[in-house]
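Close look at the chain arrangement
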Amino acid sequence: MKVLITGGAGFIGCHVVKLMVKKYPHYQIFNLDKLTYAGNLENLTEIENASNYTFIKGDIIDKAFIRELFQQEKFDGVMHLAAESHVDRSISGPDAFIETNIIGTSNLLGAALEIWKDNMSGKQFHHVSTDEVFGSLGAEGYFSETTAYDPRSPYSSSKASSDMIVRAYHHTYGLPIVITNCSNNYGSHQFPEKLIPLMINNIKHNKPLPVYGKGENIRDWLWVEDHARALDVVFHTGKNGETYCIGGNNEWKNIDLVHALCSIMDRKLNRAEGESAKLITYVKDRAGHDMRYAIDATKIKNELGWEPTQPFEKLLEGTVDWYLANESWMNNITSGQYQAYYESQYEKR
Ligand code: NAD
Ligand code: TYD
């Protein structure tokens, strides 16, 4: 089987590529990535020389290139993760989100249909999406596969649009598809624009910890390797045309999570208990900040047998350990462009 994984040099993608390359030595795994600021081949060193792995640098917005690649390689399956993924960047610059997340997805669908249209059997287009398409919850309730879409940020609305186009290809042309909508991921190799690695890096360097608004927004955190395992299960056993919600059943208020990280870091850095928490700084809230995300993952558990495995506290500590042990990884990506991004996002808050 020839499987194309898009966005495999990013945070979640690198875990998916590593899982697929190791678990399926008889597959040929292709990783297509543009290597934007968020893509980093250093994330893949442990499998870069594997005989069943090929990296292709390319842009999913480039329709002619995508068509040619599909014609040439005749992939049997696609796991589509490439995206612009950060809400704050979508607020300051929505265009790249519309281009990559909507146009890019449409290009992949068109190219897949072209090579599969005469024989759809054994083919799979797996679109990896987010729970943010469902909007924002109040104190009660959960998102599930039947929740109506209500995206609010340029990021989530671009992902919602791409989900719709994927479904349209299924209903109109019979393209075999599955869609997954997952909650917030954490773990190794996450770009430090996102909450957890940003806080770990700032605590380490004694920099202010920018908590948006009152810190009361809630996210449902899932370990990235559990997500990769879920994607493997859905790609192989998900029912054609179906959606699966994936979550950690693990809700945290932002401020409580930041305190938990401070406490772990105090221990790791031999600081007095409470020392790192003094860095917490409340800053101007994110525009249109969704209050709460939480997933009901009953369907994937009951139908496909997937559930999150590990206790959060232990995995969060393991995540902190990874960032502390991989100082050069963090230094490499926080030099240069990242500084300019950080200043533009945080100095005005
Ligand atoms: P990421 O930003 O870390 O990585 C995205 C990858 O896509 C990068 O390697 C980047 O170079 C690549 N890319 C971007 N634009 C491209 C283009 N035009 N052509 C080819 N490659 C391009 O993102 P992530 O956090 O790993 O998220 C991966 C997917 O999972 C996204 O589709 C995202 O919407 C979804 N998702 C993420 C989370 C989360 O918590 N991070 C949760 C649910 C769903
Ligand atoms: P983030 O990691 O950007 O994920 P998402 O917005 O996709 O859920 O943010 C997680 C939560 O943390 C979100 O409620 C915004 C908040 N946040 C901060 O309070 N400070 C920060 O510096 C960042 C990046 C996020």
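Please refer to the structure higher up on the page.
Summarised in this report is the structure supplied together with it. (Residues numbered from 1 in each chain as written. Chains lettered and ligands numbered in written order. Predicted model: local features only at pLDDT ≥ 70, side-chain atom pairs only at ≥ 80, totals over all residues. Heavy atoms only, no water.)

1. Notes on the site of ligand 1
The immediate surroundings of ligand 1 are formed by 28 residues, with Ile12, Asp33, Ser85, Tyr155 and Lys159 found nearest. For ligand 1, a nitrogen atom lies 3.1 Å from a polar atom in the backbone of Lys34. The contact in question runs from an oxygen atom of ligand 1 to an N or O atom on the side chain of Lys159, over 2.7 Å. Relative to its unbound accessible surface of 840 Å², ligand 1 loses 97% to contact with the protein. Sort the elements by how many residues they give to the shell around ligand 1 and strand S5 (residues 124–130) lands first, with three residues. Considered class by class, the residues forming the shell around ligand 1 number 12 nonpolar, 12 polar and four charged. (Near = heavy atom within 4 Å. Polar contact = N/O pair within 3.5 Å; in protein donor to acceptor, adjacent residues only side chain to side chain. Areas by Shrake-Rupley, 256 points an atom, 1.4 Å probe, with all protein chains shown as cover. Helix = DSSP H or I, 4+ residues; strand = E, 2+ residues; numbered from the N terminus. Nonpolar A, V, L, I, M, F, W, Y, C, P; charged D, E, K, R; others polar.)

2. Notes on the sheet that holds S5
Spatially, seven strands are ordered S3-S2-S1-S4-S5-S6-S11 in an open sheet, and the strand pairing comes out parallel. Every other strand in the sheet has two partners, leaving strand S3 (53–57) and strand S11 (243–246) as the edge strands with one partner each. Going across the sheet, the axis of each strand differs from the next one's by a mean of 20°, ignoring polarity. Examined bridge by bridge, strand S4 (residues 77–80) and S5 share four bridges and lie parallel to one another. Looking at S5, one finds that Met79 is bridged to His126. Relative to strand S2 (residues 28–33), helix H2 (residues 63–73) is tilted by about 175°, and along the sheet it contacts strand S1 (2–6), S2, S3 and S4. Lying on the sheet, helix H4 (residues 95–116) is in contact with S1, S4 and S5; it crosses S5 at an angle near 165°. (Pairing = 2+ DSSP bridges. Axes fitted to C-alpha atoms, helices over the stretch in contact; angles between N-to-C directions. Contact = heavy atoms within 4.5 Å.)

3. Details of the nonpolar core
Ranked by size, the top nonpolar core spans 40 residues in total, and within it Ile5, Val16, Met20, Met79, Ile246 and Ile300 carry the most contacts. When contributions to this core are tallied by element, the ones reaching two or more residues are S1, helix H1 (11–23), strand S6 (177–182), helix H7 (224–237), S11 and helix H9 (298–304). With residues near it in sequence (within four places) discarded, Met79 still touches Val3, Leu4, Ile5, Thr6, Val16, Met20, His126, Leu231, Asp232 and Phe235. Counting residues in hydrophobic clusters, the runner-up holds 36 residues, among them Tyr212, Ile255, Ile264 and Phe312. (Core = buried A, V, L, I, M, F, W, Y, C linked by side-chain atoms within 4.5 Å. Buried < 20%, exposed > 50% of the residue type's maximum accessible area, 1.4 Å probe, protein only.)

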